[in-house]
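# Breakdown of the fold
Chain residues, written in single-letter form:
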Amino acid sequence: MAQQGGFRMAVIGVVGLGTMGLGIAQIYAAAGHRVLATDGQAAARETALARMAEGLARRVAAGKLTEGGREATLANLHVQDSTAGLAPCDMVVEAIVETLEAKQALFRDLETLLRPDAVLATNTSALSVTQIAKGLGHPGRVLGLHFFNPAPAMKLVELVTPPRVTDQAAAFAKSLTEAAGKIVIACADRPGFIVNRCARPFYGEALALLEEGHSAAEIDAAMLHAGYRLGPFSLIDLVGADINLAATRSLFEAMGHHPRYHVFESLVAQVAAGRLGVKTGSGFLVGARPTPQQNDAIVLRIEATLVNEAASLLAESSLTPEAVDTALRLGLNFPRGPFESMRQWGVEAIGQTLARLEAQAPAHLRGRYVASPCLASEA
């Protein structure tokens, strides 16, 4: 690892040159590191440099980057024909297909190529990092670096630390990524990590309201008035109802079918009908942006469930309320984190809302609104 201006410059590997992988490569290349990147598809390898150049040119045109900065970043990207070219790397970040088998196979391959202290990082958003490392000779060097899309623009990175990861590996990955301009928040290897776990009620409680007779436009209008850039249904449309459903089902399974992660039939039906959102031209609210309208009852209900989920995560981890709030603001562009919402409403209002919802819950949702024991301690 070379020295530059008093800072250690590393050799960073990236596997997977789709939008996410190329964005991750750009982050480290822009920070001055030598980036060795590859992809299993020849077309992705052959177009990687041109695609990065095009994206950087837009930043130059917008006055956000100098021409010299653009050239320096591109000069740091070196596309390799295969993973064999990643042997000199100090850390490799994978951003390949989101399947456990594919990631395990890749890390088994990389383990034969890299020196024993090189860090292996997965960009998984939903899979267990512990399971990805299973069977490796050096599992202590495997961790998660969960970037958010678009990676160069989004400031948050979740550093996922499974029980066997070494302090050295975690500190190395964190220091490199923070020096590249990101805000890194460490979290345990729990389903959904921080953002995807704590965000489920934003969608789930909106779907519950929908199935009770409220319209998607009414619900989104209330959240827009409360300061959210997008309401839950507009966000589902943007990401894709199929992606949202897959994430919901995954968390529902991982959390033992707890009713807090219930898979609502309205979302299942939307996917079955092919109304996936922006990418199909039809969804819950595609083509319509509701006018913000005050409805405190809707906002309190959704935010109360967000608070309860965040409190449940605190009870299972060493996270702080401040870390959770920061993650939700940065990862989803929320106007405030759940514990900030709790302070605005007051813990008594949150508790009363949850108690009322639980008392009224249908049989299949019984237990969904039971307040976390950690909630009162955060008052």
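Residues numbered from 1 in each chain as written. Predicted model: local features only at pLDDT ≥ 70, side-chain atom pairs only at ≥ 80, totals over all residues. Heavy atoms only, no water.

## Some thoughts on the overall build of the protein
The following threshold applies: For helices the rule is a DSSP run of H or I covering at least 4 residues; for strands it is a run of E covering at least 2, with both sets numbered from the N terminus onward. We compute the radius of gyration over the C-alpha atoms and compare it with the globule rule, which gives 2.2 Å times the number of residues raised to the power 0.38. Any two residues whose heavy atoms approach within 4.5 Å at even a single point are treated as in contact.
A count of helical and extended segments in the protein gives 17 helices and 10 strands. Relative to its length of 379 residues, the protein is compact, with a C-alpha radius of gyration of 22 Å against a globular reference of 21 Å. Across its three principal axes, the protein shows a C-alpha extent of roughly 60 × 45 × 40 Å. Taking all contacts inside the protein whose residues are at least 6 apart in sequence as the whole, residues at least 24 apart take part in 70%.

## Digging into the pairing of strand β4 (residues 34-38)
Quick note on the threshold: Burial classes follow relative accessibility: with a 1.4 Å probe on protein chains only, a residue under 20% of its type's maximum area counts as buried, one over 50% as exposed, and anything between as partly exposed. Two strands pair under a simple rule: DSSP has to find at least two bridges between them. When the strands point away from the viewer and the path from the first strand over the helix to the second turns clockwise, the crossover is right-handed.
Summarising burial for β4: 4 of the 5 residues are buried, a large majority. Relative to β4, strand β3 (residues 11-15) is paired through 5 bridges, and the arrangement is parallel. In the strand pairing of β4, Val14 is matched with Ala37. The handedness of the β3 to β4 crossover, carried by helix α1 (residues 19-30), is right-handed. Of the pairings in the sheet, the one linking β4 to strand β5 (residues 77-79) comprises 3 bridges and is parallel in character. Counted as the bridge partner of Ala37 is Val79 from β5.

## Points about the environment of Gly63
Inspection of the secondary structure puts Gly63 in the loop between α2 (42-61) and α3 (67-75). When the C-alpha positions of Gly63 and Arg164 are compared, they lie 44 Å apart, and in sequence the two are 101 residues distant.

## Digging into the environment of Asp242
How we decide: Any N or O atom pair separated by 3.5 Å or less is treated as a polar contact, with the protein-specific requirement of one donor-capable and one acceptor-capable atom, and with residues adjacent in sequence counted only for side-chain atom pairs.
Structurally, Asp242 is set in helix α11 (residues 241-254). A C-alpha to C-alpha distance of 18 Å links Asp242 and Leu332, two positions 90 residues apart in sequence. Every residue in contact with Asp242, bar those within four places of it in the chain, is listed here: Val271, Leu276 and Lys279. At 2.9 Å, the side chain of Asp242 forms a polar contact with the side chain of Lys279.

## Quick look at the packing of helix α8 (residues 200-211) against helix α9 (residues 216-225)
Spelled out, the test is: Under this scheme, a helix contributes an axis fitted over its contacting stretch, all axes are lines through C-alpha atoms, and angles between N-to-C directions fall in the 0 to 180 degree range. Roughly parallel means an angle under 35 degrees; roughly antiparallel means over 145; roughly perpendicular covers 65 to 115; every other angle is labelled oblique. In this scheme the handedness of a crossing depends on how the near helix is turned from the far one: anticlockwise by less than a right angle means left-handed, clockwise means right-handed. Three classes are used, and their members are as follows: Ala, Val, Leu, Ile, Met, Phe, Trp, Tyr, Cys and Pro are nonpolar, Asp, Glu, Lys and Arg are charged, and the others, Gly among them, are polar.
With their axes 9 Å apart at the nearest point, α8 and α9 run at an angle of 135° to one another. Considered as vectors, α8 and α9 are oriented oblique to each other. Two packed elements cross with a definite hand, and for α8 against α9 that hand is right-handed. The segment α8 lies against α9, with Phe202, Ala206, Leu209 and Leu210 engaging Ala216, Ile219 and Met223. Looking at side-chain class alone, the contact of α8 with α9 contains 7 nonpolar, no polar and no charged residues.

## As for the packing of aromatic side chains
The line we're drawing: Any two of the Phe, Tyr and Trp rings considered here, Trp counted by its six-membered ring, make a pair once their centres fall within 6.5 Å; the pair's planes then place it as stacked at under 30 degrees, edge-to-face at over 60, or tilted in between.
Under the counting rule described, the total for this entry stands at 6 aromatic pairs. On the numbers, 6.3 Å between centres and 80° between planes, the contact of Tyr28 with Phe147 is edge-to-face. Placement of the pair is Tyr28 in helix α1 and Phe147 in strand β8 (residues 142-147), with a sequence separation of 119 residues. The exposure class assigned to Tyr28 is buried, which follows from its relative accessible area of 0%.

## As for the pairing of strand β6 (residues 91-94)
A two-sided burial pattern is seen for β6, the buried positions comprising Met91 and Val93 on one face and Val92 and Glu94 on the other. Where β3 meets β6, 4 bridges bridge the pair, whose relative direction is parallel. Of the residues in β6, the one forming a bridge with Ile12 is Met91. The pairing of β6 with strand β7 (residues 119-122) spans 4 bridges and is parallel. Residue pairing across strands places Glu94 opposite Thr122, the latter belonging to β7.

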